[in-house]
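Observations on the model geometry
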There are 2 protein chains.
Amino acid sequence: MKNGSLYLIPVTLGETPIDKVLPIQNREIINSIKHFIVEDIRSARRFLKKSNPEIVIDDLTFYTLNEHTKGEDIGSYLNAIKEGADIGIISEAGCPAIADPGADVVAIAQSRGIRVVPLVGPSSILMSLMASGFNGQKFTFNGYLPIEPNERAKAIKLLEQRAYSEDTTQIFIEAPYRNLKLIADLTKNCRPQTKLCIASAITCDNEFIVTKPIKEWNKCLPEINKIPAIYLIYKG
Amino acid sequence: MKNGSLYLIPVTLGETPIDKVLPIQNREIINSIKHFIVEDIRSARRFLKKSNPEIVIDDLTFYTLNEHTKGEDIGSYLNAIKEGADIGIISEAGCPAIADPGADVVAIAQSRGIRVVPLVGPSSILMSLMASGFNGQKFTFNGYLPIEPNERAKAIKLLEQRAYSEDTTQIFIEAPYRNLKLIADLTKNCRPQTKLCIASAITCDNEFIVTKPIKEWNKCLPEINKIPAIYLIYKG
């Protein structure tokens with residue numbers, strides 16, 4: 001029997017209408033899938049209902065994937081593919097396997113020779129980079145910076161140094177309640193002329209994507225306390 | 001008068017139906033814009049016609065943006081925004097300002113306090129990363145590798161070393177006619193267990209996104225000679 005495929009299904013970033021950020025064809029693919037590997041079953045159900053109000057949730061099988069999921073379970077999640085069924089991975093926000101556990105499933109699928117199909121959707125990393133005005137030919141996404149003050153200062157200085165010496169855009173994220181602390185740490189550790197782009201609520205009504213030199217940010221701190229944000233720095 | 005906004009308008013990767021890779025709402029935004037900064041006027045016109053067959057091309061103003069465009073001209077392209085008009089940037093493939101000259105326009109827009117709005121679309125960098133099974137929490141896009149043999153070998157070894165020591169996915173591209181040469185250079189310079197993902201024709205009918213250890217690739221070279229491809233390496 002022909003193997004099924006593993007589809008990577010992006011979701012909206014925040015409360016955006018689906019048609020604003022997802023191609024219409026994603027919906028047709030979603031409607032043809034009965035097995036979903038998801039970070040959170042409740043929010044995955046909500047997304048599937050929003051994507052197709054007629055969907056019968058009880059006909060679907062969900063497998064939970066989070067930091068507690070064991071490797072052997074992840075492997076078994078893909079068994080339905082051997083029986084010819086397609087499987088979809090749905091993460092909490094944006095694109096699966098980018099900054100979330102989906103990558104482990106994909107790695108196993110690739111090692112088994114399973115066809116993996118990524119669908120188009122919103123990515124805060126890519127969209128903030130597009131709108132930052134920074135170098136899109138060379139860039140690094142670093143995830144979260146260290147918390148420990150000395151390591152954190154060292155990490156910020158290394159990213160800034162690479163932004164200058166390797167002409168790269170350096171991208172990173174922070175826990176929402178630490179946004180203002182991060183901006184303070186960047187102001188303290190970066191050169192005043194280094195450019196910082198702060199992006200939040202991407203694709204939402206209150207979207208904010210603004211680039212300024214570090215020295216100008218503390219004059220006009222954005223209202224992003226406790227709002228998910230992404231940060232980009234580049235040579236000034 | 002209220003300023004216009006600068007929209008970053010992704011296009012398809014190759015001959016894919018628009019509804020497969022672009023949200024329906026991009027079309028509405030495109031239809032409201034009369035000024036476009038484009039890499040190539042002919043292909044931009046073709047995309048706009050495909051996106052909206054009713055569009056009247058003669059009502060639109062196009063500004064060409066390529067490596068020959070002077071900085072002062074780029075700045076003047078944005079003047080219509082002061083008169084309240086929106087402007088769209090359209091690149092040759094995928095997302096503007098990611099691996100193309102659009103970033104210069106965006107940088108000027110940001111420095112003038114112009115609102116920059118990125119739209120969702122296909123990115124070979126992001127989609128290949130999603131489907132590779134590699135680390136999506138930390139990754140670097142490196143653009144093209146050097147051509148000069150010694151620099152090239154050094155660059156490949158540095159990327160591989162960072163893939164292991166910094167746990168990052170290293171992504172790069174190559175001119176299509178050099179694909180097979182690049183795979184040979186990777187085989188020669190990387191550890192046999194290092195994983196290589198080769199992705200080509202992303203979102204097209206002949207989409208190919210496959211991950212294998214370096215040592216297994218030369219047993220089964222893909223037919224990607226002269227086909228646009230993107231490469232990812234990660235620790236084995």
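Right above here is the structure, for reference.
In this report, we go over the structure that sits alongside the text. (Residues numbered from 1 in each chain as written. Chains lettered and ligands numbered in written order. Predicted model: local features only at pLDDT ≥ 70, side-chain atom pairs only at ≥ 80, totals over all residues. Heavy atoms only, no water.)

Two side chains with opposite charge may pair up if their charged atoms get near one another. Within the structure shown, the criterion is met by 16 salt bridges over all chains. Where B:D167 meets B:K235, a salt bridge forms, and the shortest distance between an N and an O atom there is 3.2 Å. A residue pair is termed long-range when its members are at least 10 positions apart, and B:D167 in the loop between α8 (149-165) and β7 (169-174) and B:K235 in the segment after β10 (229-234) qualify at 68 residues. Residues joined by salt bridges that share partners form a network here, namely A:R152, A:E174, A:R178, A:K181 and A:D185. (Salt bridge = Lys/Arg side-chain N within 4 Å of Asp/Glu carboxyl O. Helix = DSSP H or I, 4+ residues; strand = E, 2+ residues; numbered from the N terminus.)

Moving on to the sheet that holds strand β5 (residues 116-118) of chain A. Across the sheet, which stays open at both edges, the five strands sit in the order β3-β2-β4-β1-β5 (chain A) with parallel pairing between neighbours. Each edge of the sheet is formed by a strand with only one pairing partner; in this case those strands are β3 (61-64) and β5 of chain A. Neighbour-to-neighbour, the strand axes of the sheet open up by a mean angle of 25 degrees, direction not taken into account. Lying on the sheet, helix α6 (residues 102-111) of chain A is in contact with β1 (6-9), β2 (35-38), β4 (87-90) and β5 of chain A; it crosses β1(A) at an angle near 155 degrees. Packed on one face of the sheet, helix α7 (residues 124-132) of chain B meets β1 and β5 of chain A and runs near 145 degrees to β5(A). (Pairing = 2+ DSSP bridges. Axes fitted to C-alpha atoms, helices over the stretch in contact; angles between N-to-C directions. Contact = heavy atoms within 4.5 Å.)

Because an α-helix completes one turn every 3.6 residues, residues spaced three or four positions apart along the sequence face the same direction. The complete set of buried residues in helix α2 (residues 24-31) of chain A reads A:N26, A:I29 and A:I30. What you see down the axis of α2(A) is that its buried residues fit within an arc of 100 degrees, all on one side. Looking at the buried residues of α2(A), the elements they touch are β1, β2 and α3 (41-51) of chain A together with α1 (18-21) of chain B. (Buried < 20%, exposed > 50% of the residue type's maximum accessible area, 1.4 Å probe, protein only. Arc of directions from axis to C-beta.)

Residue and element names in this part refer to chain A. Secondary-structure assignment places Y231 in strand β10 (residues 229-234). Considering only alpha carbons, one finds Y231 and N142, 89 residues apart in sequence, at a separation of 10 Å. Residue contacts for Y231: discarding those within four places in its chain leaves Q170, I171, F172, E174, N179, L182, I183, L196, C197, I198 and I224. At a separation of 2.6 Å, a polar atom in the side chain of Y231 contacts the side chain of N179. (Polar contact = N/O pair within 3.5 Å; in protein donor to acceptor, adjacent residues only side chain to side chain.)

All names here are of chain B. Most of β7 is tucked away, with six of its six residues classed as buried. As defined by bridge partners, strand β6 (residues 139-144) adjoins β7 across four bridges and the pair is classed as parallel. If you follow Y144 over to β7, its bridge partner there is I173. Chirality of the crossover, the property in question, places the unit of β6, α8 and β7 among those that are right-handed. Here β7 pairs with β10 via five bridges, running antiparallel. What sits directly across from E174, in β10, is A229. (Right-handed = clockwise from strand over helix to strand, strands pointing away.)

The full count for this structure, using the stated rule, is twelve aromatic pairs over all chains. Arranged with centres 5.6 Å apart and planes meeting at 40 degrees, the rings of A:F139 and B:F141 form a pair that is tilted. With A:F139 in strand β6 (residues 139-144) and B:F141 in strand β6, the pair connects residues from two separate chains. Like A:F139, the residue B:F141 is buried in the burial classification. Measuring from ring centre to ring centre gives 6.1 Å for B:F172 and B:Y231, while their planes differ by 10 degrees; the resulting arrangement is stacked. One end of the pair, B:F172, is in strand β7; the other, B:Y231, is in strand β10, and 59 residues separate them in sequence. (Phe/Tyr/Trp six-rings, centres within 6.5 Å; stacked < 30°, edge-to-face > 60°.)

Purely geometric numbers; function is a separate question.
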